[in-house]
Amino acid sequence: MVSDTSYAIATTQQPAGGGTRKTATWSGVFALSLAAFALIASEFLPVSLLTPIASDLAVTEGQAGQAISVSGFFAVITSLLIASIMGRADRKTMLLALTGVMMISGTVVALAPNYATLMIGRALIGIVIGGFWSMSAATATRLVSPWQVPRALSVLNGGNALATVVAAPLGSYLGALIGWRWTFFTVVPVALVVLVWLWFSLPRMPMVRAAPISPLRLLGRPVVAIGMLGVGLFFMGQFTLFTYLRPYLEGIVKVHVETLSLLLLLIGAMGVLGTIVIGFVLSRAPRLVLIVIPALMALLALALVFSAGSLAATATLLALWGFLSTAAPVAWWTWLTRTLPDDSEAGGGLMVAAIQLAITAGAAFGGFLFDAYGYAATFIAATALLSLAAMTAVVSAFIGQSVNHMRADL
């Protein structure tokens, strides 16, 4: 019988690159991917349902939009606290509990008689977001061999990418067909499938470390502090531009709604492809990927300033943007698991907080620039932020390499 601390998985044979390999629990990885799909779909469903929500609950669309903000706030708080709260609890149990809270959230939102209840339901999904993403990378690494980690993280983020493709258009379609309440409730049966799948596919995963480190204490390590700065700059740059892509396409490129939907679908489809390809690239040049992706996206952001007169050129640039932007999180999660192999949960919480804050800051900064100075200034600012992210990744790679040399000498 396999012990709990071996996580189901006996040593078997040598992979091509050398080292021992354990039998991977890929069913558990795919269950986590479906959980990510349900979670991201839940998080962004309000984007396409603001109008009916506002009308039904007698609030403004701006107030209804806070359904996204409140989930982000609770995600940040949870991501910073959950490692300490969980202690040595079985991670399988925690993931099952979070999936149950996801089901409760969908039910509360679907049945919400007023705005306050809606916000409670959205706060619950924020707790799940913070908890799940803090644990997901660490959990995936415990289900596969070290040499398979990039591929496992690609599978995990594939659920994320697929949800970004279908959440908004499917939410809009279902909202018109069955109403916004039943649309939110559709997440509940998906979460139930996730719950059952996780129950049967995940081994027991108790925490070996007696006292998990606080995520904020990790910032005392230079390689972590610089890496998190790079993560923050990347996501801030990405969402400075991406948040205002629709008004750019409709107001500047002059596309119709049908064409807009196709362009957004193209971005999402290329994103799914990016998560597939990046797993193979990361196994060969992980540090280089963290530098190249934001550098190329900076060039794409700048090129979009000058491509507005050509729909074909804009579509090509956006396809490349989708491919790179969805692959980047896989690269950063891989960096995290390799930089903090013993503290990946606390590091995951810190990264979730950094990403959520960066997305909020990017959206706010981009909104200010877009309203005050137009799309060109907004996209140039995104170019600058992404360039800084690339330069920060260079510094992070240098520090990380130095740390590895020091460990080797010891």
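Everything below is about the structure shown above.
All values derive from a computational prediction rather than experimental measurement.

What counts, and where the lines are drawn
Here the residue index of a chain counts from 1 through its sequence in written order. Reporting in this predicted model follows two pLDDT cut-offs: at least 70 for local features of residues, and 80 or more for side-chain atom pairs to be given and counted; totals over whole chains, interfaces and linings ignore these cut-offs and use all residues. In computing side-chain values, all of the structure's heavy atoms are included and hydrogens and water are not. A run of H or I in DSSP becomes a helix once it reaches four residues, and a run of E becomes a strand once it reaches two; helices and strands are each numbered from the N terminus. The rule is simple: take the accessible area with a 1.4 Å probe, protein chains only, and divide by the maximum for that residue type; under 20% is buried, over 50% is exposed, in between is partly exposed. Contacts: residue pairs with any heavy atoms within 4.5 Å of one another. Each accessible area value is a Shrake-Rupley result obtained with a 1.4 Å probe; residue values ignore everything except the protein chains displayed when judging cover. Take the number of residues in a helix, subtract one, and multiply by 1.5 Å to get its expected span. The term salt bridge refers to a side-chain nitrogen of Lys or Arg lying within 4 Å of a carboxyl oxygen of Asp or Glu. Here, nonpolar core refers to any group of buried Ala, Val, Leu, Ile, Met, Phe, Trp, Tyr and Cys residues whose side-chain atoms link them within 4.5 Å. Pairing of aromatic rings covers Phe, Tyr and Trp, the last through its six-membered ring, and needs centres within 6.5 Å; plane angles under 30 degrees mean stacked, over 60 mean edge-to-face, and all others mean tilted. Two limits define a charge over a ring: the Lys NZ or Arg CZ must be within 6 Å of the ring centre, and within 35 degrees of the ring normal. In this analysis an axis means a line fitted to C-alpha atoms, helices contributing only their contacting stretch, and an angle means the value between N-to-C directions, from 0 to 180 degrees. Handedness of a crossing is defined here by the sense of rotation of the near helix relative to the far one, left-handed for an anticlockwise turn of less than a right angle and right-handed for a clockwise turn. Classification convention: Asp, Glu, Lys, Arg as charged; Ala, Val, Leu, Ile, Met, Phe, Trp, Tyr, Cys, Pro as nonpolar; all other residues, Gly among them, as polar. Any angle that falls under 35 degrees is termed roughly parallel, while one over 145 is termed roughly antiparallel, one within 65 to 115 roughly perpendicular, and all others oblique. Here the bend at a residue is taken as the angle between two axes, fitted respectively to the seven residues that end there and the seven that start there. We define a polar contact as two N or O atoms separated by no more than 3.5 Å, with the added condition that, inside protein, one atom must be a possible hydrogen donor and the other a possible acceptor, whereas residues neighbouring each other in sequence contribute only through side-chain atom pairs.

Asker: Can you explain the overall build of the protein? Please cite residues and give values.
Answerer: In terms of helices and strands, the protein carries 15 helices and zero strands. For the protein, the residues scored as buried account for 52% of the 410 residues in total. Counting only contacts in the protein whose residues sit at least 6 apart along the sequence, the fraction spanning at least 24 positions is 83%. For the protein, the exposed surface amounts to about 17500 Å²; the carbon and sulfur share of it is 71%.

Asker: How would you sum up helix α4 (residues 91-111)? Please name residues and give values.
Answerer: With 21 residues, α4 should cover 30 Å at 1.5 Å per step; its first-to-last C-alpha distance of 30 Å lies within 8% of that length. Taken together, the buried positions of α4 are Arg-91, Lys-92, Leu-95, Leu-96, Leu-98, Thr-99, Met-102, Met-103, Ser-105, Gly-106, Val-109 and Ala-110.

Asker: Any chance you could break down the pattern of salt bridges for me, citing the residues and the numbers?
Answerer: Taken as a whole and assessed by the stated rule, the structure comprises two salt bridges. A salt bridge links Asp-56 to Arg-181; the nearest nitrogen and oxygen atoms lie 3.1 Å apart. Of this pair, Asp-56 sits in helix α2 (residues 50-57) while Arg-181 sits in helix α7 (residues 180-185), and the two are 125 residues apart along the sequence. A salt bridge links Asp-90 to Arg-204; its shortest N-O distance comes to 3.5 Å. One end of the pair, Asp-90, is in the loop between α3 (61-86) and α4; the other, Arg-204, is in the loop between α8 (187-201) and α9 (222-242), and 114 residues separate them in sequence.

Asker: Explain the nonpolar core to me, and be specific about the residues and the numbers.
Answerer: The biggest cluster of nonpolar side chains holds 116 residues, and the ones touching the most others in it are Phe-132, Trp-133, Phe-234, Tyr-248, Leu-249, Ile-293 and Met-351. Top contributing element to this core by residue count: helix α13 (residues 311-339), with 13 residues. Other than its neighbours up to four places away in sequence, Phe-132 contacts Leu-32, Ala-35, Ala-36, Leu-39, Leu-95, Leu-98 and Leu-156.

Asker: Break down the packing of aromatic side chains for me, with residues and values.
Answerer: The relation between two aromatic rings is expressed through the spacing of the ring centres and the mutual angle of the planes. Counted according to the given criterion, the structure contains 12 aromatic pairs. Between Tyr-248 and Tyr-375 the ring centres are 5.3 Å apart and the planes differ by 45 degrees, which places this aromatic pair in the tilted class. Placement of Tyr-248 in helix α10 (residues 245-251) and of Tyr-375 in helix α15 (residues 375-409) is noted, with a sequence separation of 127 residues between them. By relative accessible area, which is 0% here, Tyr-248 ends up buried. Following the ring pairs from residue to residue traces out a cluster consisting of Tyr-248, Tyr-375 and Phe-379. A cation over an aromatic ring shows up here: Lys-92 above the ring of Trp-199, its NZ or CZ 5.6 Å from the ring centre.

Asker: Any details on the packing of α9 against helix α14 (residues 344-373)? Residues and values, ideally.
Answerer: For any two helices packed against each other, one specifies the crossing angle of their axes together with the interaxial distance. Viewed as axis vectors pointing N to C, α9 and α14 meet at an angle of 35 degrees, and their least axial separation amounts to 7 Å. Here α9 runs over α14; the crossing is right-handed. Of α14, the residues touching α9 (which contributes Val-224, Met-228, Val-231, Gly-232, Phe-235, Met-236, Phe-239 and Thr-240) are Gly-347, Leu-350, Met-351, Ala-354, Ile-355, Ala-358, Ile-359, Ala-361, Gly-362, Ala-363, Phe-365 and Gly-366. Of the residues belonging to the contact of α9 with α14, the class tally is 15 nonpolar, five polar and no charged.

Asker: Now, about the packing of α4 against helix α5 (residues 115-141): what can you tell me, with residues and values included?
Answerer: Where α4 contacts α5, the two axes come as close as 8 Å, and the packing angle between them is 155 degrees. It follows from the interaxial angle that α4 and α5 lie roughly antiparallel. In terms of crossing hand, the pair formed by α4 and α5 is left-handed. Between α4 and α5, the contacting residues are Arg-91, Met-94, Leu-95, Leu-98, Val-101, Met-102, Ile-104, Ser-105, Val-108 and Val-109 on the first element and Thr-117, Leu-118, Gly-121, Arg-122, Leu-124, Ile-125, Ile-127, Val-128, Gly-131, Phe-132, Met-135 and Thr-139 on the second. The class makeup of the residues in the contact of α4 with α5 is 15 nonpolar, five polar and two charged.

Asker: Summarise α5; cite the residues concerned and give the values.
Answerer: Along its 27 residues, α5 runs 40 Å from first to last C-alpha, staying within 8% of the 39 Å computed at 1.5 Å per residue. The sharpest bend along α5 reaches about 35 degrees and sits at Met-135. Across the 27 residues that make up α5, a large majority, 21, are buried. One side-chain oxygen at the N-terminal end of α5 lies 3.4 Å from the backbone nitrogen of Ala-116; it belongs to Asn-114.

Asker: For the environment of Ser-71, give the residues involved together with the corresponding values.
Answerer: Structurally, Ser-71 is set in helix α3. Separated by 55 residues in the primary sequence, Ser-71 and Gly-126 have C-alpha atoms spaced 3.9 Å apart.

Asker: Give me unusual backbone geometry: which residues, what numbers.
Answerer: Not every positive phi belongs to a glycine, and Ala-58 is a case in point at roughly 60 degrees. Structurally, Ala-58 can be placed in the loop between α2 and α3. We classify Ala-58 as exposed; its relative accessible area is 69%. Of note, the phi angle at Lys-254 is positive, near 65 degrees, even though the residue is not glycine. You can see Lys-254 is positioned in the loop between α10 and α11 (257-282). Since its relative accessible area comes to 60%, Lys-254 is described here as exposed.

Read these as layout, nothing more, since geometry by itself doesn't imply function.
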